[in-house]
Amino acid sequence: MTSEQLTAADAAPAAVTPADTADAARLVAFGLQPKLLPARDLEYAELLRRYREDPPFARLADAVATGLGLVVLEVSGRAGMALTAAEDSVFAVRMGEYARRAGADSADRFLHGLAHLAVAAMAFPRPDDLADDGYIGRITVNGVDAFVRQACRRLEERAEAAGENTDPASDAPGLESAWRVYARRSATGATKDARRLAGSTTGIIGKAVAFLTDSGFLQRTSDEAGGTYRTTARYQLQVRDMAGSAAMAELLELGVVPVGDGTASLVGPEEDLDLGADAALPFFPDQRDRA
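Since we're looking at a predicted model, the values are computed, not measured. (Residues numbered from 1 in each chain as written. Predicted model: local features only at pLDDT ≥ 70, side-chain atom pairs only at ≥ 80, totals over all residues. Heavy atoms only, no water.)

### Looking at the overall build of the protein
Okay, so step 1: Helix and strand counts for the protein stand at 12 helices and 7 strands.
Okay, so step 2: Classification of the 291 residues of the protein by burial places 44% in the buried group.
Okay, so step 3: For the protein, the proportion of contacts with a sequence separation of at least 24, taken over those separated by at least 6, is 62%. (Helix = DSSP H or I, 4+ residues; strand = E, 2+ residues; numbered from the N terminus. Buried < 20%, exposed > 50% of the residue type's maximum accessible area, 1.4 Å probe, protein only. Contact = heavy atoms within 4.5 Å.)

So this is what it looks like as structure tokens:
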């Protein structure tokens, strides 16, 4: 073999083997296990190392993910292989499907969407929080409920100032805005011991945070305030990927500011707010469910 042939052989990319494809698929499979951390699985950690150090293998793993309708958000030691589903992926979870799985009827589906929106807003209230990889958000079920109810009061004040009807007919719930429905709903239910009913607002928020915990986006830290949770790297990546929703912008513009200890505070209109809209839902409502 001539020196030119040897040089060409050295420059030629190595052929992809079935074992390489299997490893790439295995890495994607690890990424689909949201609660699994690389630090707790040696094989996962080794495949992540290979992804970072072997560009052809990284491209192969990305191709496997793309073929499954998945988008790679980040590959790192802190988040593992963080994936999100494209809209047409079999792994996509639409809000309508989530709400049906949570047992909600059609009239309650937007309340579940509002709960997810509020959790995201409280977890990452400022653009800097989303940009900082070391930031950990904290939320509580009761704090999220208080946050939304304060927003409802702000919206009611706006409606009254504009001369809008703030008490629409009870037999036409489909015509009510989400804030009107939320404000009318009991926080805990009507049981004698004030247990949290599934259809109450804290019950709906409880379902939302339980779903996010099962999905590897939140970690429960205590039972205080209806349940206290901290965010994970995966949740930050998901919210960052979906940043900029109009709903989040409108919520933050009300001046109801979530703070880092899981509570919410009402900011007076005279204060100059430096709030951005760079946060949003990890799961968007399916527009077809609004019909």
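Now that the structure has been shown, the text picks up again.
### Description of the packing of helix α3 (residues 42–53) against helix α4 (residues 55–67)
Okay, so step 1: Following both chains from N to C, one finds α3 and α4 inclined at 110°, their axes separated by 5 Å at the closest point. Looking at the two axes, α3 sits roughly perpendicular to α4. Contacts between α3 and α4 involve Leu47, Arg50, Tyr51 and Glu53 from the first element and Pro55, Phe57, Ala58, Ala61 and Asp62 from the second.
Okay, so step 2: For the contact of α3 with α4, the class distribution of residues is 6 nonpolar, no polar and 3 charged. (Axes fitted to C-alpha atoms, helices over the stretch in contact; angles between N-to-C directions. Parallel < 35°, antiparallel > 145°, perpendicular 65-115°, else oblique. Nonpolar A, V, L, I, M, F, W, Y, C, P; charged D, E, K, R; others polar.)

### Thoughts on the packing of aromatic side chains
Okay, so step 1: Throughout the structure, instances matching the rule amount to 4 aromatic pairs.
Okay, so step 2: For the pair phenylalanine 124 and tyrosine 135, a centre-to-centre distance of 6.0 Å together with 50° between the ring planes defines the contact as tilted. Of this pair, phenylalanine 124 sits in the loop between α6 (109–123) and α7 (127–131) while tyrosine 135 sits in the loop between α7 and β3 (138–140), and the two are 11 residues apart along the sequence.
Okay, so step 3: Its relative accessible area of 1% is what places phenylalanine 124 among the buried residues.
Okay, so step 4: Among the residues examined, tyrosine 135 registers a relative accessible area of 18% and is labelled buried.
Okay, so step 5: Ring centres 5.8 Å apart and planes at 35° place the aromatic pair phenylalanine 217 and tyrosine 235 in the tilted group. Of this pair, phenylalanine 217 sits in the loop between α10 (201–214) and β4 (218–222) while tyrosine 235 sits in helix α11 (residues 233–241), and the two are 18 residues apart along the sequence. Grouping residues by exposure puts phenylalanine 217 and tyrosine 235 together as buried. (Phe/Tyr/Trp six-rings, centres within 6.5 Å; stacked < 30°, edge-to-face > 60°.)

### Here we look at the sheet that holds strand β5 (residues 228–231)
Okay, so step 1: Read from one edge to the other, the open sheet built from 3 strands follows the order β3-β5-β4, with strand pairing classed as antiparallel. With partners counted over all chains shown, the strands left at the sheet margins are β3 and β4, one partner each. Along the sheet, successive strands turn relative to each other by an average axial angle of 35°, direction set aside.
Okay, so step 2: Bridge count between β4 and β5: 4 bridges; the pairing is antiparallel. Note that in β5 the partner of arginine 220 across the bridge is tyrosine 229. (Pairing = 2+ DSSP bridges.)

### Quick look at the pairing of strand β2 (residues 80–85)
Okay, so step 1: Counting buried positions along β2 yields 5 of 6 residues, so the element is predominantly enclosed.
Okay, so step 2: Pairing of strand β1 (residues 70–76) with β2, which is carried by 6 bridges, proceeds in the antiparallel orientation. Within β2, the residue paired with valine 72 across the bridge is leucine 83.
Okay, so step 3: Following β1, the chain reverses through 3 residues before pairing antiparallel with β2.

### What about the pattern of salt bridges?
One side chain can pair with another of opposite charge once the charged atoms of both are near each other.
Okay, so step 1: This structure, assessed with the given rule, holds 13 salt bridges.
Okay, so step 2: Notably, a salt bridge pairs arginine 240 with aspartate 133, separated by 3.1 Å at the nearest N-O pair. Residue arginine 240 is located in helix α11, and its partner aspartate 133 is located in the loop between α7 and β3; the two are separated by 107 residues in the primary sequence.
Okay, so step 3: The partly exposed category is assigned to arginine 240, whose relative accessible area is 30%. (Salt bridge = Lys/Arg side-chain N within 4 Å of Asp/Glu carboxyl O.)

### A short note on the nonpolar core
Okay, so step 1: Residues Val119, Ile139, Val144, Val209, Leu218 and Tyr235 are the most contacted members of the largest nonpolar core, which totals 35 residues.
Okay, so step 2: Residue assignment for this core shows that the elements contributing at least two residues are α6, α8 (141–161), α9 (178–184), α10 and α11.
Okay, so step 3: The element contributing the most residues to this core is α6, with 10 residues.
Okay, so step 4: Core analysis: the second largest hydrophobic core is formed by 19 residues, Phe30, Leu36, Leu70 and Met81 among them. (Core = buried A, V, L, I, M, F, W, Y, C linked by side-chain atoms within 4.5 Å.)

### With respect to the confidence of the model for the protein
Okay, so step 1: Overall, the predicted model of the protein reaches an average pLDDT of 74, with 65% of residues at or above 70.
Okay, so step 2: Across the protein, the element-wise mean pLDDT spans from 45 in strand β7 (residues 264–266) up to 96 in α3.
Okay, so step 3: Contacts from residues 264–291, a stretch scored under 50 in pLDDT, to residues over four places away or in other chains number 78 contacts. (pLDDT = per-residue confidence, 0-100.)

### Some details on the environment of alanine 25
Okay, so step 1: If you trace the backbone, alanine 25 turns up in helix α2 (residues 18–31).
Okay, so step 2: Accessibility expressed as a relative area gives 34% for alanine 25, which makes it partly exposed.
Okay, so step 3: With 38 residues separating them in the primary sequence, alanine 25 and alanine 63 have C-alpha atoms 9.5 Å apart.

### Side note on a nonpolar patch on the surface
Okay, so step 1: A surface patch of nonpolar side chains, about 360 Å² in accessible area, is lined by Leu32, Leu68, Val90 and Phe91.
Okay, so step 2: By the element assignment, leucine 32 lies in the loop between α2 and α3.
Okay, so step 3: For leucine 32, a relative accessible area of 34% corresponds to the partly exposed category. (Patch = residues over 30% accessible without salt bridge, like charges linked within 9 Å, V, L, I, M, F, W, Y side chains within 5 Å. Areas by Shrake-Rupley, 256 points an atom, 1.4 Å probe, with all protein chains shown as cover.)

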